[in-house]
Amino acid sequence: MIDTKTLIQQLNEPQREAVTHPESPLLVLAGAGSGKTRVLVHRIAWMAAVNSMSLHSILAVTFTNKAAAEMRSRVESLLSQSTRGLWIGTFHGIAHRLLRLHHNDAQLPEAFQVLDTDDQVRLVKRIIKDLRLDDKQWPARQTTWFINSHKEEGRRAVAIPAHDDFTLTQKRIYEHYESQCQRSGLVDFPELLLRTLELLKENPELAEQYHRRFQHVLVDEFQDTNDIQYQLIRALVPHQGITVVGDDDQSIYGWRGARIENLNQFTQDYHPAKTIRLEQNYRSTSTVLRAANAVIANNLDRLGKELWTSGEAGEPIVHYHAFNEIEEARYVAESLREYHERDLTFNDMAVLYRSNAQSRVLEEALIRERIPYRIYGGLRFFERAEIKDALCYLRLIFNRNDDAAFERVINTPARGIGEKTLAIIREFALKQELSLWQAVTQLLTTTELSGRAKSGFSQFVAMINEMEQVANQSLLHQLVEHAIHDSGIFRMYQEKEKGEKWLSRKENLEELINAAREFDELAEEEEAMSPLASFLSHAALESGDTQAEAEEECVQLMTLHSAKGLEFPVVFMVGMEEKLFPHQMSLDEPGGLEEERRLCYVGITRAMQFLTLTNAEKRRLHGKEVHASLSRFVREIPDDLIKPIRITRSWHGAQQASYQQASPSQSARSAGAFQIGQNVSHPKFGQGILIDFEGEGDTARLQINFEQAGIKWLIRSYVELG
Ligand code: ATP
Ligand code: MG
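Residues numbered from 1 in each chain as written. Chains lettered and ligands numbered in written order. Predicted model: local features only at pLDDT ≥ 70, side-chain atom pairs only at ≥ 80, totals over all residues. Heavy atoms only, no water.

Novice: What's the story with the packing of aromatic side chains in this structure? I'm lost.
Specialist: The geometry of an aromatic ring pair comes down to the distance between the two centres and the angle between the two planes. In the structure shown here, the tally under the stated rule is 17 aromatic pairs. Ring centres of Tyr-320 and Tyr-331 lie 3.9 Å apart, and the angle between their planes is 10°; this geometry places the pair in the stacked category. Of this pair, Tyr-320 sits in strand β9 (residues 317–324) while Tyr-331 sits in helix α14 (residues 325–341), placing them 11 residues apart in sequence. Ring centres of Phe-490 and Trp-502 lie 5.3 Å apart, and the angle between their planes is 80°; on these two criteria the pair is classed as edge-to-face. Taken together, the positions of Phe-490 in helix α22 (residues 489–496) and Trp-502 in helix α23 (residues 499–522) put the pair 12 residues apart, joining distant regions of the chain. Accessibility classification places Phe-490 together with Trp-502 in one group, the buried group. Site record: aromatic cluster; members linked through ring pairs are Phe-222, Tyr-230, Phe-266 and Tyr-270. Above the plane of the ring of Trp-437 lies Arg-400, whose end atom (NZ or CZ) is 5.2 Å from the centre. For the cation-ring pair, Lys-564 lies above Phe-63, with the distance from its terminal atom to the ring centre recorded as 3.5 Å. (Phe/Tyr/Trp six-rings, centres within 6.5 Å; stacked < 30°, edge-to-face > 60°. Helix = DSSP H or I, 4+ residues; strand = E, 2+ residues; numbered from the N terminus. Buried < 20%, exposed > 50% of the residue type's maximum accessible area, 1.4 Å probe, protein only. Lys NZ or Arg CZ within 6 Å of the ring centre and 35° of its normal.)

In structure tokens form, the structure reads like this:
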């Protein structure tokens with residue numbers, strides 16, 4: 001039996017109060033790094049060990065699959081026992097599980113399949129085509145957004161009021177999409193939640209069964225729950241057994257419908273709810289924490305929390321001001337190397353950026369420096385072309401009516417089935433309300449198809465049917481291996497691609513077989529799911545990159561959004577520029593800037609010991625070169641916490657560049673004073689000497705005598721002062 005003392009020994013007073021709070025509604029409202037997630041883990045263990053609650057009666061909701069896995073392993077190590085029966089997962093994961101267990105009540109076929117975002121857009125695109133709408137006027141992504149936001153507010157197509165042509169058409173696409181999904185047994189991400197909500201509402205007995213089962217439900221990152229997620233919580237927990245933890249300052253998914261208001265709603269709906277505040281931060285140095293507090297203080301309408309640390313001041317925050325994104329990336333790579341030489345492992349380091357497109361240049365610099373890295377939540381293993389091809393074969397074996405899968409592989413590899421023939425099939429399916437597979441099998445018995453098309457289709461149908469035989473007789477990994485080869489995709493890539501590219505496809509396909517092997521081993525543990533079903537669901541729901549998981553230690557690259565809840569000794573926040581961060585788009589929306597600032601707060605508070613902020617004066621992004629000024633967020637950090645670093649050599653000598661600390665007056669932040677006679681360099685005009693200037697700061701105009709190009713007036717931010 002576990003020593004219950006150890007469960008509370010490693011906690012401070014308010015944390016202890018939260019962990020041991022009776023099984024009545026509890027809200028832990030606290031800033032970053034104050035131990036909210038830790039409280040949840042200990043509370044689960046406490047309820048199991050001290051209150052003798054069965055793990056079977058506890059449900060914990062996390063924000064990512066990775067967080068769920070981490071939470072499970074922490075509970076396991078606290079209790080020194082297996083956590084079988086304990087449900088921990090994301091909202092989507094839990095909803096998915098409930099739908100699998102009760103697919104009949106949810107009016108879904110047993111073999112329903114989860115549609116990932118990419119597939120969803122493809123399907124919407126096809127429906128727009130089927131409806132003979134102009135896909136330029138009706139971009140599929142925009143309509144997908146329309147559908148998803150309505151679903152996230154619990155609204156089916158019929159319930160949408162439509163008074164104008166625009167909404168009417170979007171609504172019509174939504175209706176067709178709904179019936180197409182129903183016919184094909186496909187469920188997109190927001191549908192997982194909506195379906196589950198309807199399942200519980202329409203089946204009171206079933207709901208009752210879960211109310212009895214889940215005596216206590218715990219939710220992490222509560223500030224980012226959206227409308228439907230909150231409704232789902234209400235439907236699952238009508239009683240008092242609920243704990244939620246959150247931080248209003250870290251609400252960063254408003255653009256996706258998250259509602260900070262849920263924090264207030266919670267205290268009204270679960271009455272009387274105890275609110276506990278945690279104020280001690282255990283994660284960061286006081287320098288990092290002061291910077292975070294200073295930035296977030298610029299937001300109004302906060303619930304107001306104090307955060308302090310007894311930790312050391314630590315090192316100042318480094319601010320590196322680069323000429324352009326390439327040089328910025330090189331600085332990051334070289335600094336990562338230096339930290340590594342200071343005895344930190346690459347696993348301890350993270351590079352965070354606002355926009356996914358920033359990663360490419362960083363990756364190139366890391367590759368050049370031979371620094372191992374992985375992109376977290378970015379380029380997903382299960383989203384790679386060869387993996388999706390293979391998975392779509394598996395999906396068809398599992399569910400012939402999965403139109404999205406059918407569309408992807410019917411001509412991959414090529415089987416001589418042309419666009420025209422496919423159009424006939426689609427048309428027929430649409431008219432008869434059939435899935436594409438059903439349409440093909442029916443049309444095969446008529447004379448409507450050409451001989452060539454017929455033979456292509458017959459072979460395809462026979463092949464999938466044969467694969468099903470294999471599925472029935474073998475283990476999952478054997479089936480995956482069979483499907484990869486028999487479908488011809490292995491050969492297709494082998495013939496189409498060479499060298500590294502082919503090698504990586506091959507390795508990925510082999511990795512897929514490996515991943516399937518794990519599911520064979522897990523098979524006995526899962527309730528009510530075949531290994532194929534759980535493997536396919538895993539593929540659709542998984543956000544991590546499984547391949548890199550097993551690799552050597554590496555630096556993590558990720559967007560600021562996906563860094564939520566994580567911590568690293570060394571953090572780089574790159575691209576600290578106006579219009580990039582805060583993002584241009586957010587500046588036009590009400591509340592947008594505040595949400596960006598919260599995102600900045602999330603970023604800063606990921607750092608435990610060392611934080612570096614970088615910006616580039618000039619950046620090529622999305623094919624355009626832009627000049628950018630320093631992000632206001634950097635300016636909001638008190639000067640005394642920052643160590644400005646700048647390059648000492650010119651652009652051209654960049655290869656041997658060395659970095660040195662600049663005095664504040666020299667730094668980019670206060671670069672107002674210029675010295676006549678100063679060396680200047682410019683990427684195009686080369687070296688020159690400053691001979692006059694007007695104004696100050698980044699917008700000053702400088703007159704420069706270039707060695708080659710002669711005298712020119714240029715804006716300060718276009719040149720580098722030596
Ligand atoms: P975030 O808001 O970023 O999700 P959080 O409030 O969930 O942060 P945790 O991740 O739970 O914070 O904790 C932050 C760090 O502080 C972790 O490394 C955790 O182990 C440590 N920590 C929390 N409480 C204590 C404590 N009482 N004693 C020692 N370390 C602690
Ligand atoms: Mg947390």
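Novice: Help me understand the site of ligand 1 in this model?
Specialist: As a structural note, the neighbourhood of ligand 1 is formed by 19 residues, with Lys-36, Thr-37, Gln-250, Glu-567 and Arg-606 the closest of them. Gly-33 is positioned such that a nitrogen or oxygen atom in its backbone is 2.9 Å from an oxygen atom of ligand 1. In isolation ligand 1 exposes 630 Å². Once the protein is present, 85% of that is buried. (Near = heavy atom within 4 Å. Polar contact = N/O pair within 3.5 Å; in protein donor to acceptor, adjacent residues only side chain to side chain. Areas by Shrake-Rupley, 256 points an atom, 1.4 Å probe, with all protein chains shown as cover.)

Novice: Just checking my understanding: could you explain the environment of Glu-312 for this structure?
Specialist: Among the structural elements, Glu-312 can be located in the loop between α13 (286–296) and β9. A residue is classified by how much of its surface remains accessible, and Glu-312, at 64% relative accessible area, is exposed. Note: C-alpha distance between Glu-312 and Arg-701 (389 residues apart in sequence) is 43 Å. Look past the residues within four positions of Glu-312 in its chain and what remains in contact with it is Thr-285 and Ser-286. (Contact = heavy atoms within 4.5 Å.)

Novice: Could you clarify how one ought to interpret the nonpolar core in this entry?
Specialist: Considering soluble globular proteins, one finds that nonpolar side chains tend to be buried as a cluster. Leu-394, Phe-460 and Phe-535 are the most contacted members of the largest nonpolar core, which has 56 residues in total. The dominant element in this core, judged by the number of residues it contributes, is helix α16 (residues 385–398), at 9 residues. Ignoring sequence-local partners within four residues, the contact set of Phe-535 consists of Leu-391, Leu-394, Leu-476, Val-480, Leu-512, Ala-515, Ala-516 and Phe-519. (Core = buried A, V, L, I, M, F, W, Y, C linked by side-chain atoms within 4.5 Å.)

Novice: I'm lost on the pairing of strand β19 (residues 686–694) in this one. Help?
Specialist: Each regular strand carries side chains that alternate between the two faces of the sheet. Relative to β19, strand β18 (residues 679–682) runs antiparallel, the two being bridged by 4 bridges. In the strand pairing of β19, Ser-681 is matched with Gln-687. Taking the residues between adjacent antiparallel strands as the criterion, β18 and β19 are bridged by 3 residues. One ladder, built from 6 bridges, connects β19 with strand β20 (residues 701–706); its direction is antiparallel. Note on β20: the bridge partner recorded for Phe-693 is Leu-702. Count of turn residues in the β19/β20 antiparallel hairpin: 6 residues, of which Gly-695 carries a positive phi of about 75°. (Pairing = 2+ DSSP bridges.)

Novice: Explanation requested: the sheet that holds strand β21 (residues 710–715) in the structure shown.
Specialist: Whether parallel or antiparallel, the strands of a sheet pair through hydrogen bonds between backbone atoms. With antiparallel pairing, 5 strands are arranged side by side in an open sheet as β21-β20-β19-β18-β22. Two strands in the sheet have a free side with no partner beyond their single neighbour: β21 and β22 (720–721). With 2 bridges connecting them, β18 and β22 associate as antiparallel partners. What sits directly across from Val-680, in β22, is Leu-721.

Nothing here speaks to function; it is all geometry.
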